[in-house]
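Fold and contact review
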Amino acid sequence: MGRRLRILDVGLGQGTQALRLARAGHEVTGLESDPAMLDAVREALSREPAGIRERMRLIEGDGRDTGAHFLPGAFDIVLCHGVLMYVPEPDPMLAALARVLAPGGLLSLLVRNADALALRPGLSGDWDTALAAFDSPTYTNRIGLAARADRRETLTTTLTAIGTPLHTWYGVRVFTDLAADDSSVPDDWDRLLTAEDRAGRTDPYRAVAALLHLCGVRG
């Protein structure tokens, strides 16, 4: 974009995205509720050059409480990736995130796709879990935590209601969902990524991706 953006990363985890954006020259705020995660990011940040450390700040807190930490319109971009699946009721959190976006700002969400929840266990031959997924958006994730999936149609309605209507969306892990369990790097990695990228932008494939990447723009 050619300018320094003010970015909020909610639930920044290990800080992979936040550090990459700070290295690119943007001002990044990381909001994380897990003290252990914050300590890990602080350790990683301490090894960065001074200029990057100055562009990044870390705050312990919950995405539902952004109003207690930030003024309305404080950010150009808000990232909320891999967080909503652990929030029982997403609407209040999304509304809180929308309030801290500046006009024209981008709200970026990465969520578990409830419309494809049966696909992973089905392809793995876990028929009990696959059948249960047709009737409930809740599931147990790969690390054993209870989680919840979202439907694109429902989130589209919510994004419109909070003033950040859906601008575009992508499927994530269409072909590579089961491959995520394999730590080895395939010989045809570049072709795999090319196919995955195309599927994530193309109907009907993106609709059955394990994850959805939704981008709303503040009106």
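First things first, this report covers the structure right here in the doc. (Residues numbered from 1 in each chain as written. Predicted model: local features only at pLDDT ≥ 70, side-chain atom pairs only at ≥ 80, totals over all residues. Heavy atoms only, no water.)

1. Structural notes on the nonpolar core
Leu 8, Val 78 and Met 93 are the most contacted members of the largest nonpolar core, which has 27 residues in total. When contributions to this core are tallied by element, the ones reaching two or more residues are β1 (6–10), β4 (75–81), α5 (90–99), β5 (101–112), α8 (152–161) and β9 (211–217). Those residues within four positions of Leu 8 in sequence are excluded, and the remaining contacts are Thr 29, Leu 31, Thr 66, Phe 70, Phe 75, Ile 77, Val 78, Leu 79 and Val 100. Ile 7, Ala 18, Ala 22 and Ile 52 belong to the second-largest nonpolar core, a separate cluster that totals 16 residues. (Core = buried A, V, L, I, M, F, W, Y, C linked by side-chain atoms within 4.5 Å. Buried < 20%, exposed > 50% of the residue type's maximum accessible area, 1.4 Å probe, protein only. Helix = DSSP H or I, 4+ residues; strand = E, 2+ residues; numbered from the N terminus. Contact = heavy atoms within 4.5 Å.)

2. Quick look at the pattern of salt bridges
Using the criterion set out here, one finds 13 salt bridges in the structure. The partner of Glu 27 in a salt bridge is Arg 4, and the shortest N-O contact between them spans 4.0 Å. Note that Glu 27 is positioned in strand β2 (residues 27–32) and Arg 4 in the segment before β1, a separation of 23 residues in sequence. For Glu 27, a relative accessible area of 38% translates into the label partly exposed. (Salt bridge = Lys/Arg side-chain N within 4 Å of Asp/Glu carboxyl O.)

3. With respect to the packing of aromatic side chains
Taken as a whole and judged by the stated rule, the model has 1 aromatic pair. Both rings, one in Phe 70 and one in Phe 75, keep their centres 5.0 Å apart while their planes meet at 85 degrees; by these two values the pair is edge-to-face. Like Phe 75, Phe 70 is buried. When the ring centre of Tyr 139 is taken as origin, the NZ or CZ atom of Arg 112, which lies over that ring, is 5.2 Å away. Seen from the ring of Trp 169, Arg 206 lies directly overhead, with NZ or CZ sitting 3.7 Å from the centre. (Phe/Tyr/Trp six-rings, centres within 6.5 Å; stacked < 30°, edge-to-face > 60°. Lys NZ or Arg CZ within 6 Å of the ring centre and 35° of its normal.)

4. Topic: the layout of surface pockets
Here the largest pocket is characterised by a volume of approximately 1,300 Å³. Residue lining of the largest pocket: 37 residues in total, with His 81, Gly 82, Val 83, Met 85 and Leu 110 positioned closest to the centre. Those elements that provide at least two residues to the lining of the largest pocket are β1, α1 (16–23), β2, β5 and β9. Grouping the constituent residues of the lining of the largest pocket by class yields 15 nonpolar, 13 polar and 9 charged. Here the second largest pocket defines a volume of roughly 280 Å³. Where the lining of the second largest pocket is concerned, the elements lending two or more residues are α6 (119–123), α7 (127–133) and β6 (138–140). For the lining of the second largest pocket, the residue count by class is 6 nonpolar, 4 polar and 5 charged. (1 Å grid on protein atoms, 1.4 Å probe; cavity = no way out; pocket = protein on both sides within 12 Å on 5 of 7 lines; lining within 4 Å. Points joined across faces, edges and corners; volume = space filled by probe spheres on them. Nonpolar A, V, L, I, M, F, W, Y, C, P; charged D, E, K, R; others polar.)

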